[in-house]
Amino acid sequence: MNKKLFVISGCSGVGKGTVLKEFMARNAANFILSVSCTTRKPRQGEVDGVNYFFVTHDEFEKAVKEDKFLEFAQFAGNFYGTKKKFIKQKFEEGLNIILEIETQGALQVKKKMPEAVLIFIAPPGAGVEELEKRLRGRNTEDEETIQRRLAEAKIELERSKQYDYVVVNDDLERAIAEIEEITRRELGHA
Ligand code: 5GP
């Protein structure tokens, strides 16, 4: 059976982490969530090799020069990238892969792998105000980071127009069901 790459993006604070965690809990048999490399410092509770591979700037740069990334991008002052090798290995294991990445990287993936399916998780309503509320509620970032992430969010919403699907996260259960339906349809299981 053909395995697919699904790319999921959404602005910071849109709740995509929760949507994805639930989706993965229900679909772990067929899907694997890709583990990216990042130069960002781990947040409390994050584990190297589980949430990310935490690397130095030099290590990241070296991997870029050696063409090790399927895609990479700078986001809010840090670098993030998906290793080609990780994707190759998981396909060989017979799994569908989910990349949870920002929009510049997602559009790079689409160029290299047009068969990849891009899903954007959008905030309900007008968008940016609701996002600001959630980012502040999360209480994990300082003011400067919040402002930078809001600016990024506006750009991301604009790029979402190039995605295959936009799923509005107005309700957790509904959003998960919609993503499950999209994956079933794209995998030809509908
Ligand atoms: P965070 O620092 O909150 O974990 O992630 C910040 C942003 O980087 C999120 O939008 C996340 O989806 C994105 N991101 C995580 N891993 C990758 C990656 O490998 N490539 C790209 N392009 N973006 C990533």
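This is a predicted model, so every value here is computed, not measured.

Turning our attention to the packing of helix 1 (residues 16-27) against helix 7 (residues 172-186). Direction vectors running N to C along helix 1 and helix 7 enclose 55°, while the axes themselves pass 10 Å from each other. Comparing the axis directions of helix 1 and helix 7 gives the class oblique. The hand of the helix 1/helix 7 crossing is right-handed. For the pair formed by helix 1 and helix 7, the contact residues are T18, V19, E22, F23, R26 and N27 on the first element and L172, E173, A175, I176, I179, E180 and T183 on the second. Within the contact of helix 1 with helix 7, the residues separate by chemical class into 6 nonpolar, 3 polar and 4 charged.

On to the sheet that holds strand 4 (residues 52-54). The strand order 4-3-6-5 describes an open sheet built from 4 strands, whose pairing is mixed. Of all the strands in the sheet, just strand 4 and strand 5 (69-75) have a single pairing partner and so form its edges. Sheet twist, expressed as the mean angle between neighbouring strand axes with direction ignored, is 25°. With 2 bridges connecting them, strand 3 (residues 36-38) and strand 6 (residues 78-83) associate as antiparallel partners. Within strand 6, the position partnered with T38 by the bridge is Y80.

Here we take up the site of the ligand. In the region of the ligand, 16 residues are neighbours, and S36, R40, Y52, Y80 and E102 sit closest. Within the side chain of Y52, a nitrogen or oxygen atom sits 2.5 Å from an oxygen atom of the ligand. The contact in question runs from an oxygen atom of the ligand to an N or O atom on the side chain of E100, over 2.7 Å. Burial of the ligand by the protein chains amounts to 94% of its free accessible area of 510 Å².

Two pairing modes exist for strands in a sheet, parallel and antiparallel, and in both the strands are linked by backbone hydrogen bonds. If you trace the 5 strands from one edge of the open sheet to the other, you get 2-7-1-8-9, paired in parallel fashion. Edge positions in the sheet fall to strand 2 (31-33) and strand 9 (165-168), since each of these pairs with one other strand and no more. Strand-to-strand, the axes of this sheet are offset by a mean angle of 25°, without reference to chain direction. In this sheet, strand 8 (residues 117-122) lies alongside strand 1 (residues 5-10) in parallel orientation, the contact comprising 5 bridges. If you follow I8 over to strand 8, its bridge partner there is I119. The strands that helix 1 touches are strand 1, strand 2, strand 7 (96-100) and strand 8; relative to strand 2, the one it contacts most, it runs at about 145°.

Cut-offs applied
- Residues numbered from 1 in each chain as written.
- Predicted model: local features only at pLDDT ≥ 70, side-chain atom pairs only at ≥ 80, totals over all residues.
- Heavy atoms only, no water.
- Axes fitted to C-alpha atoms, helices over the stretch in contact; angles between N-to-C directions.
- Helix = DSSP H or I, 4+ residues; strand = E, 2+ residues; numbered from the N terminus.
- Parallel < 35°, antiparallel > 145°, perpendicular 65-115°, else oblique.
- Left-handed = near helix turned anticlockwise from the far one by under 90°.
- Contact = heavy atoms within 4.5 Å.
- Nonpolar A, V, L, I, M, F, W, Y, C, P; charged D, E, K, R; others polar.
- Pairing = 2+ DSSP bridges.
- Near = heavy atom within 4 Å.
- Polar contact = N/O pair within 3.5 Å; in protein donor to acceptor, adjacent residues only side chain to side chain.
- Areas by Shrake-Rupley, 256 points an atom, 1.4 Å probe, with all protein chains shown as cover.

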